[in-house]
Amino acid sequence: MSPPSITDLDDLGLDQGGHLLLHRAVSRAAPGQVVEVRGRAPQLRVHLAAWCRSEGHDVEMAEGPGPVAGWIRPGRATGARWHGAERSGPELAERAPTRWGLAARGATVEAGGVEFPFPLNDRAVVWTDAAPAIYRQAAAAQWDPATAVDWSAPVELDDDVEAAVIQVMTYLVENENAALAVPARFLGRIHPHFREVVAVLAVQVADEARHVEVFTRRAELRGRPLGLSTVGGQASLLTLLEEPDFAVAHFLLSVLGEGTFLHLLSFLERHAPDPVTARVCHLALADEARHVAFGMAHLAAVLEADAGLRPRLAAAIHERHDALAQTAGLNREVFDALVVLAAGSWAPAALAEGFRRVQELSAEMDEGRRRRLVKLGYHPEEAAALSSLHTRNFM
Amino acid sequence: METLVMGAVAYDAKVVTIWDGFKQWFAANGLAFDYVLYSNYERQVEALLAGHVQVAWNSPLAWARAHRMAKARGLDVVPVAMRDTDCDLTSVVVVNASSGIEDVAGLAGRRVAVGAVDSPQATLIPLSYLRSEGLEAGRDFDVSHHQVGVGKHGDHIGGERDAARALVAGTVDAACMIDGNHLLFSAEGTLPPGSTRIIGQTPTYDHCNFTAAATAPAALVEQFRSLLLGMSYDDPEVRPLLDLEGLKAWRVGRVTGYAQLEAAVDESGFYDQEGHVAAVDYRP
Ligand SMILES: [Fe+2]
Ligand SMILES: [Fe+2]
């Protein structure tokens, strides 16, 4: 048997942190090895006996004065808390057990923990290798609405054109609210083991909050009330919010909806009648490009693991189309406002040009959707058919 | 299937969590077990002797009473099991380091804070210890009670903490508490580090036990005991229950650690030999 290990507390009391030294000595003792405790703190012997009792160690107290207070024989429970503990990383798990809960990836998790409600815990369902890099880009690309936009830039538009800008901004805010709510609904259900995915979506939610802010601020810039919100537009967005499947929701929102919005925001930046409108659309566009890139990367990864998802995604487009067949789609007010905004005035020749540009935009949106669908493995013909079924509300 | 029914005193809301957890664990391990909660130990001991419960999770003072009542009726009670943390406790008498009181004799004419009137560790045993050192409470020194949870036999730590606070506040000259609580109060800052001195320490004594009536079904009691003794801190299902109840392992019950308390009960006349409550100022 090993000779006793010796721990000298000097004049440190067990009520002043001395238990750290005892704890370390006990946990390092070889099986059967005794820990000799020395020290000069006045209450050391009283406290040593009490500490050993509460920790489940046997102790033999020394008789008489002298530097040795007693000898600890470590109890059976020493270190038992960590029997059966699991390492939760650092490598990614194929399925993160819900009992790992909120533990940092890579932490050693005590056995017997409670189950956490993180149903999205399959690597094949949530993960993409692109997530860490996209998160780094997202974190580096954050901008401050207060300083990124020159809110004092001159905005002197005809009342009719200003009204069209306000209507478009009103429509954008409504859609940004949906783009915020959809990832937010899934965020708390994704296992924190896949922290880069959670981080990307968390920043995405914050991005959308800023988009809501800057579009609202542009709409209110001249002190006018906001524009109109229609039943058809909201019905289309509700189908997005109600989608329970993460992959399907991400596909509908980021690949199709935000993918379509890239063209819309780029169009608005190009044809904006004032510098503030151009700037807020430019800022949102940069964020949206990242949201679409993440959506594409995630869906590509999920489809690689599960080819059976491809027809399910296609079916979801059909279902959404059928559900919205009875609604008006993009509301007249928004469509007309886009024409006026692109025209820049109500002169007939300008309106003709604006109308042509909006038609062009529509074609660009369709082409973009088809390109993304083909990239995700759909046959070009199917991609064309699916793109044509996409909601007329754009998002 | 016969059910073993145990009594426990509800000294804290966590008692429900603890015994619900044990009930489930016992059921999963083949023992039909249920529990009844009492608001004080006197009613629990009376229920044990009346056969309403077959086992009681007893304070040492409740053990002393159960054992007296049983004897008076020609019956027997046995300690089935206890926690490792119930074995070999001591209580200490603590003064302010700056008080100039060097030993127990220095308490003559002073004021000593104790816990509730029915606390074995903070009142009965320390006062008996001081008596053995020649100091009679009320005659040689004044006693200041800290009546928290009367009837719960000092299970509630509040009485001891209040006594410690009275010492710090200077309204008393000494305070009595379990050794482990002196460590706890010093570490948590109730007693400022280095501000107190221990001038007396009782011999070791034992604390709670599961007390079984002799009329309890022997096979069930034996199954209960062997399941308890088999509970391992290694087992993640069991560990939270042991943590809540404050132990690392159960031990076989023993009667060897109760002599000090029995003497204290006799000296103070807390119970008579038949186990009647005789303390005049005790309202559980
Ligand atoms: Fe957005
Ligand atoms: Fe977005």
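All values derive from a computational prediction rather than experimental measurement.

Details of the nonpolar core
Phase 1 of the analysis: Membership of the largest hydrophobic core comes to 93 residues, with the highest contact counts inside it found for Leu172, Phe215, Phe251, Leu264, Leu268 and Leu338 of chain A.
Phase 2 of the analysis: A total of 15 residues in this core trace back to one element, the largest contributor, which is helix α9 (residues 246–271) of chain A.
Phase 3 of the analysis: Counting the residues that make up this core, at least three belong to each of domain 2 (85–117) and domain 3 (123–388) of chain A.
Phase 4 of the analysis: Dropping the residues within four chain positions of it, leucine 268 of chain A is found in contact with Val168, Leu172, Cys281, Leu338 and Leu341 of chain A.
Phase 5 of the analysis: If you look at the next biggest cluster of nonpolar residues, it comprises 34 residues, including Phe33, Ala212, Ala216 and Phe224 of chain B.

Brief notes about the coordination of the iron ion (ligand 1)
Residues and elements named next belong to chain A.
Phase 1 of the analysis: Coordination of the iron ion (ligand 1) by the protein comes from Glu176 (OE), Glu176 (OE), Glu208 (OE), His211 (ND1) and Glu288 (OE), over a distance range of 1.9 to 2.8 Å.
Phase 2 of the analysis: Considered as a linear motif, the donors of the iron ion (ligand 1) on their single chain read E-x31-E-x2-H-x76-E.
Phase 3 of the analysis: Between the iron ion (ligand 1) and the iron ion (ligand 2), the interatomic distance is 3.5 Å, and glutamate 208 donates to each metal, bridging them. In this pair, histidine 211 is assigned in helix α7 (residues 195–219) and glutamate 288 in helix α10 (residues 275–305), connecting sequence segments 77 residues apart.
Phase 4 of the analysis: Accessibility expressed as a relative area gives 0% for histidine 211, which makes it buried.

Comments concerning the pairing of strand β1 (residues 5–8) of chain A
Regular strands place their side chains on alternate faces of the sheet.
Residue and element names in this part refer to chain A.
Phase 1 of the analysis: Judged by which residues are buried, β1 turns out to be one-sided: Ser5 and Thr7 face inward and are buried, whereas Ile6 and Asp8, on the alternate face, are not.
Phase 2 of the analysis: Bridge analysis of β1 against strand β2 (residues 35–38) gives four bridges, and the strand direction is parallel. For threonine 7, the partnering residue across the bridge sits in β2 and is valine 37.
Phase 3 of the analysis: As a crossover connection, the stretch from β1 through helix α1 (residues 19–28) into β2 is right-handed.

So, the sheet that holds strand β1 (residues 4–9) of chain B
Strand pairing in a sheet takes place through backbone hydrogen bonds and is either antiparallel or parallel in direction.
Residues and elements named next belong to chain B.
Phase 1 of the analysis: Read across the sheet, six strands follow the order β2-β1-β3-β10-β4-β11 without closing on themselves; strand pairing throughout is mixed. Bordering the open sheet on either side are β2 (33–38) and β11 (250–252), each of which pairs with just one other strand. Looking at each pair of strands side by side, their axes are set apart by 25° on average, direction ignored.
Phase 2 of the analysis: Here six bridges tie β1 to β2, and the two strands are oriented parallel to one another. The residue bridging methionine 6 from the neighbouring strand is tyrosine 35, located in β2.
Phase 3 of the analysis: Helix α2 (residues 41–49) rests against β1, β2, β3 (55–58) and β10 (209–213) of the sheet, and its axis sits at about 155° to β3.
Phase 4 of the analysis: Helix-sheet contacts for helix α3 (residues 60–72) involve β3, β4 (77–83) and β10, and the interaxial angle to β4 is about 165°.

Considerations on the pattern of salt bridges
In a structure, side chains of opposite charge can pair up when their charged atoms sit close to one another.
Phase 1 of the analysis: Taken as a whole and assessed by the stated rule, the structure comprises 46 salt bridges over all chains.
Phase 2 of the analysis: With a shortest N-O distance of 2.5 Å, arginine 254 of chain B and aspartate 206 of chain B are connected by a salt bridge. With a gap of 48 residues between them, arginine 254 of chain B in the loop between β11 and α9 (259–268) and aspartate 206 of chain B in the loop between β9 (196–201) and β10 connect regions that are remote in the sequence.
Phase 3 of the analysis: By relative accessible area, which is 27% here, arginine 254 of chain B ends up partly exposed.
Phase 4 of the analysis: Linked through salt bridges whose partners overlap, the residues forming this network are Arg81 and Glu110 of chain A together with Arg239 and Asp243 of chain B.

Some details on the confidence of the model for chain B
Phase 1 of the analysis: This prediction gives chain B a mean pLDDT of 96; 100% of its residues lie at or above 70.
Phase 2 of the analysis: What the predictor reports for the complex is a pTM of 0.84 with an ipTM of 0.93.

Describing the packing of aromatic side chains
Phase 1 of the analysis: All told, the structure shown has 22 aromatic pairs over all chains when counted by the stated rule.
Phase 2 of the analysis: Grouping aromatic residues by their ring pairs yields a cluster made of Trp19, Phe22, Trp25, Phe26, Phe33, Trp57, Phe210, Phe224 and Trp250 of chain B.
Phase 3 of the analysis: Note that arginine 210 of chain A overlies the ring of tryptophan 143 of chain A, its terminal NZ or CZ placed 4.4 Å from the centroid.
Phase 4 of the analysis: One cation-aromatic arrangement involves lysine 248 of chain B over tyrosine 233 of chain B; the distance from NZ or CZ to the ring centre is 5.3 Å.

What to know about α3 of chain B
Residue and element names in this part refer to chain B.
Phase 1 of the analysis: For α3, built from 13 residues, the straight-helix expectation of 18 Å at 1.5 Å per residue is met to within 8% by its first-to-last C-alpha distance of 18 Å.
Phase 2 of the analysis: The buried fraction of α3 amounts to 10 of the 13 residues, a majority that puts the element mostly inside the structure.
Phase 3 of the analysis: For α3, the set of buried residues is Pro60, Leu61, Ala62, Trp63, Ala64, Arg65, Ala66, Arg68, Met69 and Ala70.
Phase 4 of the analysis: The first or second residue beyond α3 is glycine 74, which carries a positive phi of 70°.

Section: the pairing of strand β4 (residues 68–73) of chain A
All names here are of chain A.
Phase 1 of the analysis: Where β2 lies against β4, four bridges are found, and the strand directions are antiparallel. Directly across from arginine 38, in β4, lies its bridge partner valine 68.
Phase 2 of the analysis: Of the pairings in the sheet, the one linking strand β3 (residues 58–61) to β4 comprises four bridges and is antiparallel in character. Paired with glutamate 60 across the two strands is tryptophan 71, which belongs to β4.
Phase 3 of the analysis: Turn length for the β3-β4 hairpin, with the two strands adjacent in sequence and antiparallel, is six residues, and the turn residue glycine 64 shows positive phi of about 70°.

Some details on the packing of helix α1 (residues 14–28) of chain B against helix α7 (residues 218–230) of chain B
Residues and elements named next belong to chain B.
Phase 1 of the analysis: Between α1 and α7, the least distance of the axes is 11 Å, while the angle of their chain directions is 105°. Our classification of the angle between α1 and α7 gives roughly perpendicular. Contact residues: α1 offers Phe22, Trp25 and Phe26, while α7 offers Phe224, Leu227 and Leu228.
Phase 2 of the analysis: When its residues are assigned to classes, the contact of α1 with α7 shows six nonpolar, no polar and no charged.

Structural notes on the domain arrangement of chain A
Phase 1 of the analysis: Domain boundaries in chain A define domain 1 (5–73), domain 2 (85–117) and domain 3 (123–388).
Phase 2 of the analysis: One C-alpha centre belongs to domain 1 of chain A, the other to domain 2 of chain A; they are set 35 Å apart.

Observations concerning the packing of α7 of chain A against α9 of chain A
Residues and elements named next belong to chain A.
Phase 1 of the analysis: Interaxial distance between α7 and α9 falls to 15 Å at its minimum, and their mutual angle equals 40°. Overall, the two elements α7 and α9 adopt an arrangement that is oblique. The handedness of the crossing between α7 and α9 is left-handed. From α7, Leu201, Gln204, Glu208 and Phe215 reach across to α9, where they touch Phe246, Leu253, Ser254, Glu258 and Leu265.
Phase 2 of the analysis: Split by residue class, the contact of α7 with α9 holds five nonpolar, two polar and two charged.

Side note on helix α4 (residues 120–132) of chain B
Residue and element names in this part refer to chain B.
Phase 1 of the analysis: At proline 126, α4 shows its maximal kink, close to 25°.
Phase 2 of the analysis: The buried count for α4 comes to 11 of 13 residues, which makes it a mostly enclosed element.
Phase 3 of the analysis: Taken as a whole, α4 has its buried residues at Pro120, Gln121, Ala122, Thr123, Leu124, Ile125, Pro126, Leu127, Ser128, Tyr129 and Leu130.
Phase 4 of the analysis: Glycine 134 occupies a position one or two residues after α4 and carries a positive phi of about 95°.

What counts, and where the lines are drawn
Per chain, residue numbering runs from 1 following the sequence as it is written. Here chains are named by letter from A upward and ligands by number from 1 upward, in the order in which they appear as written. A pLDDT threshold of at least 70 governs which residues receive local features in this predicted model, and a stricter bar of 80 or more applies before side-chain atom pairs are shown or counted, although totals over entire chains, interfaces and linings include all residues. The basis for every side-chain value is the complete set of non-hydrogen atoms in the structure, without hydrogens or water. We define the nonpolar core as a collection of buried residues of types Ala, Val, Leu, Ile, Met, Phe, Trp, Tyr and Cys that are connected through side-chain atoms lying within 4.5 Å of one another. The buried label goes to any residue with under 20% of its type's maximum accessible area, the exposed label to any with over 50%, and the partly exposed label to all in between, with areas taken from a 1.4 Å probe on protein chains only. Each helix is a run of H or I in the DSSP string that is no shorter than four residues. Each strand is a run of E no shorter than two, and both are numbered from the N terminus. Either an automatic procedure or a domain database provided the assignment from which the domain bounds are taken. Whether two residues touch is decided by their heavy atoms; if any such pair falls within 4.5 Å, the residues are in contact. Coordination partners: N, O, S within 2.8 Å of the metal, 3.2 Å for Na, K and Ca; water not considered, so apparent gaps in a site are possible. Here, any two strands with at least 2 DSSP bridges between them count as paired. Here a crossover is taken to be right-handed if, once the strands point away from the viewer, the path from the first strand over the helix to the second is traced clockwise. Only the stretch in contact is used when fitting a helix axis, every axis being a line fitted to C-alpha atoms; angles between N-to-C directions are given from 0 to 180 degrees. What makes a salt bridge here is a side-chain nitrogen of Lys or Arg within 4 Å of a carboxyl oxygen of Asp or Glu, nothing more. Confidence scores per residue from the predictor, reported as pLDDT, run from 0 to 100. Each pair of aromatic rings taken from Phe, Tyr and Trp, with Trp reduced to its six-membered ring, is defined by centres within 6.5 Å and is described as stacked if the planes are under 30 degrees apart, edge-to-face if over 60, and tilted in the remaining cases. Two thresholds decide whether a charge sits over a ring: the Lys NZ or Arg CZ must be within 6 Å of the ring centre and within 35 degrees of the ring normal. How far a helix is expected to stretch is found by multiplying one less than its residue total by 1.5 Å. Just so you know how the angles are binned, under 35 degrees is roughly parallel, over 145 roughly antiparallel, 65 to 115 roughly perpendicular, and the rest oblique. Side-chain classes are defined by residue name, with Ala, Val, Leu, Ile, Met, Phe, Trp, Tyr, Cys and Pro counting as nonpolar, Asp, Glu, Lys and Arg as charged, and the others, Gly among them, as polar. Crossings are sorted by hand: turned counterclockwise from the far helix by less than a right angle, the near helix makes the crossing left-handed, and turned clockwise it makes it right-handed. Consider a residue and the seven residues that end there alongside the seven that start there; fitting an axis to each set, the bend is the angle between those axes.

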